[in-house]
Amino acid sequence: MAEAHSAVAFSFSITHEGWDINYDREVLDLVWQSGVRSWKKRLARFRTGVRNGVYPAHLQSLWLVIAIAIGLHFTQRHVPFDLVAKWLSILPGNSLQWQLTACSLAGLVVWLSICYTMRYSLKLLLMYKGWMYEKRAPGSKVSLQTRLWGLFVKVLATWNKPGLYSFQGSLPRLPLPSVQDTMSRYLRSVRPLLDDSNYNRMERLAKEFQLGISTKLQRYLFLKSWWSTNYVSDWWEEYVYLRGRGALMVNSNFYGIDAIFMHPTKVQSARAASVVNLLLQFRRTVERQELEPILVQGLVPLCSWQYERIFNTVRAPGVETDKIIHYQDSNHIVVLYRGCYYKVIIYHNGRILRPCELQIQIEHILQQGAEKPQPGEELLASLTAGDRTKWAQIRQTVFAKGVNRTSLHTVESAAFVLSLDEKPFEFDLAHPEKLDQFGRYLLHGNGHDRWFDKSFTVCVGSNGRIGFNAEHTWADAAVMSHIWEMLIMGELEQRADAPVMAHVWENIVAEEATNKRYDENGNTAGIPEFEPPTPKRLTWDLNDKVALDAIDEAHIAAQKLLNDVDLRILVHDAYGKGLMKTCRLSPDAFIQMALQLAYYRDAGKFSLTYEASMTRLFREGRTETVRPCTIESAAWVKAMLDKDVTIEERVRLLNAACERHQLGYQDAMCGKGIDRHLFCLYVVSKYLEIDSPFLQEVLSEPWRLSTSQTPHGQTSKMDLKKHPNCISAGGGFGPVADDGYGVSYIVAGEDLIFFHISSKKSCGTTSSERFAQEICRAMADMKHLFEEYRSLQKKTTSSGAKSDKLEAK
């Protein structure tokens, strides 16, 4: 009864003695504060919405235009189009008050005209992509056309400081390629993978498709490209992610790792509190749109749409399709420790709790370690790791009402989930298996200590090292990596080339490297101003046999899946981007060629290769596929294995392969990719119930080598020369194909590259350790190739000089 009474904030009754009112002032204060915070956010969203709606014009310029209109009117000069007189003819009078009103309305019309002229002028300018294809190597010149374009963009885009979403209305739509161009690019991309007979067959299928049903499919897709904001993104999210019925763990979710060369504190509660505080600060900058949008080369904006769903977001399971639920506000996080769930309030008196106050809450949870999970609670998160349909069915029954519904809503509406692991996250160059285990902990944990449905789960090891596990639907891996890297690097601004989740991670590491956040004992710095709210243990009612059986089934499936993961994190410290630059090659193209050589040696053949590229130069753009396995890369790989090919020829072929890769990457970023267009044509064909042998074969081809680059050094304030240990190890993902590899890499410095290599133990033809060795071998061969090439050039130069001297004599 006492608990029930304390849960009631307000009660009202009428007795024979009169009115009887009871209320709990503390609870009502919490309700009041929550309402005030909510209305403040609504007003802030409205204000920033108006500011973004008129960008690149300045909101304050409205008063200047109105003042000019008033000045022109009262000095007997006409406002353009005689707008004041036209307004006065509509208004009920001609007094001074109505004249000022007419001038204000005329000024507003002129100002809006200027705003939208600037906005659409910027949009037209941003459609130009010629700058992407111009070389920027030393000695190369930028064309006059691009220089003039850059000048106009700079004038329009940078004179007024933009907010996070200011450029959204000025970004162009993703262009729809012609079927003919896509067919040409596709056939060229598969030529090194097919023998002559299979290539001729595929060429015939492509021609039949192009001359046949593609016209009808393209017509519908053309209509969608003009009607929708982005003709790819909504279908990509729905059919590739939300309609997938397989497990999220390993198959979809990805992970990010701490800066492994620095260890600011070994106190788990302190590190957790610091990271939570930094993440909440980042959330506030996103909500207030104080985060500046990413500008490529400080000039061209990228789409910021994916930032909207970083926090307070969950992927809710459905029987046929899942859905993304984003909560506008959340004043709590959920902490998972030893199979128990705790709700932690993160605000007090309108402000975010400080790290020292958050540490008190987390220590309280750690002290509850003797508490035993309720029946079924310890393995509960296994439901989020398993089959989506089964999870949806049990969610509709067991979690449809009562305490289960309340507790599930608390988890799903949290800003994010914090997992306090009982194991240490370790790194030692002398023992590479420790870093491999670190990655496995983050990728899948023990199968029931990550809430895989949440946008991301922050993981803190018992020794204070950190990482994250992120759900893939709401944003791309590069987005999450950008955010994480931003938190590592300690600032809330980002450089132009940065994608979104590395942003957060980098900020964490740099903040902890550049600012003193811990005392000499490893605890958070500062003195609490008050006793923070005590974490509340969530309760569950899972005694039902149906619930327990479903949890056990999901747990068994999760264990089978995670035990099949073969993960190897390679720390390549022989050289990094420093040597690649001396070779005058793009680091990304250099590494992709090394992967092609390594894979051919490992598998004895070429396979379809996936590399993710972003399309965020367009509104609501996500990713496009770059196909690194090209005619040129295959020719170079074969030359490397042919002892009769000269050093000069190998270098020439490598340069040609890298140039071709760069062109493919540029095409993908500019909306001239292959795979997203074919995917959307396939979706239209399914809606129209039209079978296409060509599309069915193309969409069923397995990506046996799936790769992705994680950017590093996204922030401008972090000086790696002063803080060389502030290097993120990047992150990784599970293999896409059962008989293939998943490879994520990060060029972490002049002499350091991390490769995250995953495969399945159940496959007899793959081995992550063997592939890591082949990568090292390929990287060493490429270094040796250029050393030999330079040696030959020196000999040629010296012999030429000697012959010139002899001729002179």
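The structure presented is a predicted model; accordingly, all values stated were derived computationally and were not measured. (Residues numbered from 1 in each chain as written. Predicted model: local features only at pLDDT ≥ 70, side-chain atom pairs only at ≥ 80, totals over all residues. Heavy atoms only, no water.)

## Describing the overall build of the chain
Counting its secondary structure elements, the chain contains 26 helices and 22 strands. Of all 809 residues assigned to the chain, the portion counted as buried reaches 55%. Residue pairs at least 24 apart in sequence account for 74% of intrachain contacts in the chain once pairs closer than 6 positions are excluded. Of the accessible surface of the chain, which amounts to about 36,600 Å², a share of 55% is contributed by carbon and sulfur atoms. (Helix = DSSP H or I, 4+ residues; strand = E, 2+ residues; numbered from the N terminus. Buried < 20%, exposed > 50% of the residue type's maximum accessible area, 1.4 Å probe, protein only. Contact = heavy atoms within 4.5 Å. Areas by Shrake-Rupley, 256 points an atom, 1.4 Å probe, with all protein chains shown as cover.)

## Some details on the UniProt feature "active site" (unreviewed entry) in the chain
The feature "active site" (unreviewed entry), as annotated in UniProt, sits at His472 in this numbering. By secondary structure assignment, the location of His472 is in the loop between β14 (466-470) and α17 (477-489). By relative accessible area, which is 16% here, His472 ends up buried. Within polar-contact distance, the side chain of His472 engages the side chain of Tyr241 at 3.3 Å. (UniProt positions renumbered as here; feature names shortened; annotations may be inferred. Polar contact = N/O pair within 3.5 Å; in protein donor to acceptor, adjacent residues only side chain to side chain.)

## Side note on the sheet that holds strand β13 (residues 456-460)
In spatial order, the strands read β15-β9-β8-β12-β13-β14-β3-β20; together these eight strands make up an open sheet with mixed pairing. Only two strands of the sheet have a single neighbouring strand rather than two, namely β15 (536-537) and β20 (731-733). In this structure, strand β9 (residues 340-345) lies alongside β15, joined through two bridges in antiparallel fashion. Residue Lys343 lies in a different strand from β15, and its bridge partner there is Lys536. (Pairing = 2+ DSSP bridges.)

## Remarks on the packing of aromatic side chains
Within the structure shown, the criterion is met by 29 aromatic pairs. Judged by centre distance (5.3 Å) and plane angle (15°), the ring pair of Phe416 and Phe456 falls under stacked. Taken as a pair, Phe416 in the loop between α15 (402-412) and β12 (417-420) and Phe456 in strand β13 lie far apart in primary sequence, 40 residues in all. Like Phe456, Phe416 is buried. Each residue in the set Tyr341, Trp391, Phe399, Trp451 and Trp540 is aromatic and connected to the rest through ring pairs, giving one cluster. Sitting above the plane of the Tyr199 ring, Arg191 keeps its charged end 4.5 Å from the centroid. (Phe/Tyr/Trp six-rings, centres within 6.5 Å; stacked < 30°, edge-to-face > 60°. Lys NZ or Arg CZ within 6 Å of the ring centre and 35° of its normal.)

## Structural notes on the environment of Tyr341
Position of Tyr341 among the secondary structure elements: in strand β9. Sequence separation between Tyr341 and Trp540 is 199 residues, and the spatial gap between their C-alpha atoms is 9.7 Å.

## Quick notes on the pairing of strand β8 (residues 332-337)
Counting buried positions along β8 yields six of six residues, so the element is predominantly enclosed. Both faces of β8 are covered, namely the face carrying His332, Val334 and Leu336 and the face carrying Ile333, Val335 and Tyr337. In textbook terms, the turn of a hairpin is the stretch between consecutive antiparallel strands, and for β8 and β9 this stretch comprises two residues, one of which, Arg338, has a positive phi near 50°. Two elements, β8 and β12, share three bridges in a ladder whose sense is parallel. What sits directly across from Leu336, in β12, is Ser419.

## Considering the nonpolar core
Counting residues in hydrophobic clusters, the biggest one holds 104 residues, and the most contacted among them are Phe416, Leu418 and Phe694. In terms of residues, this core owes the most to one element, helix α11 (residues 268-287), which gives eight residues. Those residues within four positions of Phe694 in sequence are excluded, and the remaining contacts are Met183, Tyr186, Met202, Leu205, Ala206, Phe209 and Leu678. Tyr575, Ala589, Val651 and Ala657 belong to the second-largest nonpolar core, a separate cluster that totals 45 residues. (Core = buried A, V, L, I, M, F, W, Y, C linked by side-chain atoms within 4.5 Å.)

## Describing the sheet that holds strand β17 (residues 609-614)
With mixed pairing, six strands are arranged side by side in an open sheet as β16-β22-β21-β19-β17-β18. Edge positions in the sheet fall to β16 (565-572) and β18 (623-626), since each has one partner strand and no second. Within this sheet the neighbouring strands show an average axis-to-axis angle of 25°, counted without direction. Sheet topology note: the β17/β18 ladder contains four bridges and is antiparallel. Along β18, the bridge assignment pairs Glu611 with Val626. Strands β17 and β18 of the sheet are contacted by helix α23 (residues 647-669), whose axis makes an angle of about 50° with β17. Each of β17 and β18 touches helix α24 (residues 675-687); the most contacted strand, β18, lies at about 115° to it. (Axes fitted to C-alpha atoms, helices over the stretch in contact; angles between N-to-C directions.)

## Side note on the pattern of salt bridges
Here the idea is simple: oppositely charged side chains can pair when their charged atoms come close. In total, this model carries 37 salt bridges according to the counting rule given. One salt bridge in this structure joins Arg188 and Glu632, with 2.6 Å as the shortest N-O distance. With Arg188 in helix α7 (residues 179-190) and Glu632 in helix α22 (residues 631-641), this pair connects stretches of sequence that are 444 residues apart. Looking at Glu632, the relative accessible area reads 18%, which means it is buried. Taking the shortest distance from any N to any O, the salt bridge between Arg288 and Glu290 comes out at 3.8 Å. You can call Glu290 partly exposed: its relative accessible area is 46%. (Salt bridge = Lys/Arg side-chain N within 4 Å of Asp/Glu carboxyl O.)

## Focus on the packing of helix α9 (residues 214-227) against α24
Here α9 crosses α24 at 105°, and the two axes come no closer than 9 Å. By the angle between their directions, the pair α9 and α24 is classed as roughly perpendicular. Contacts between α9 and α24 pair Leu217, Gln218, Tyr220 and Leu221 from the former with His677, Cys680, Leu681, Val684 and Ser685 from the latter. (Parallel < 35°, antiparallel > 145°, perpendicular 65-115°, else oblique.)

## Some points on a nonpolar patch on the surface
A cluster of nonpolar side chains, namely Leu108, Leu112, Tyr116 and Tyr120, defines an oily patch on the protein surface of about 350 Å² accessible area. Looking at the element boundaries, Leu112 is found in helix α5 (residues 96-126). (Patch = residues over 30% accessible without salt bridge, like charges linked within 9 Å, V, L, I, M, F, W, Y side chains within 5 Å.)

## Observations concerning the pairing of β12
Regular strands place their side chains on alternate faces of the sheet. Here β12 shows no split at all, with Val417 and Ser419 on one side and Leu418 and Leu420 on the other all buried. Read from β12 through helix α16 (residues 432-444) to β13, the crossover connection turns out right-handed. (Right-handed = clockwise from strand over helix to strand, strands pointing away.)

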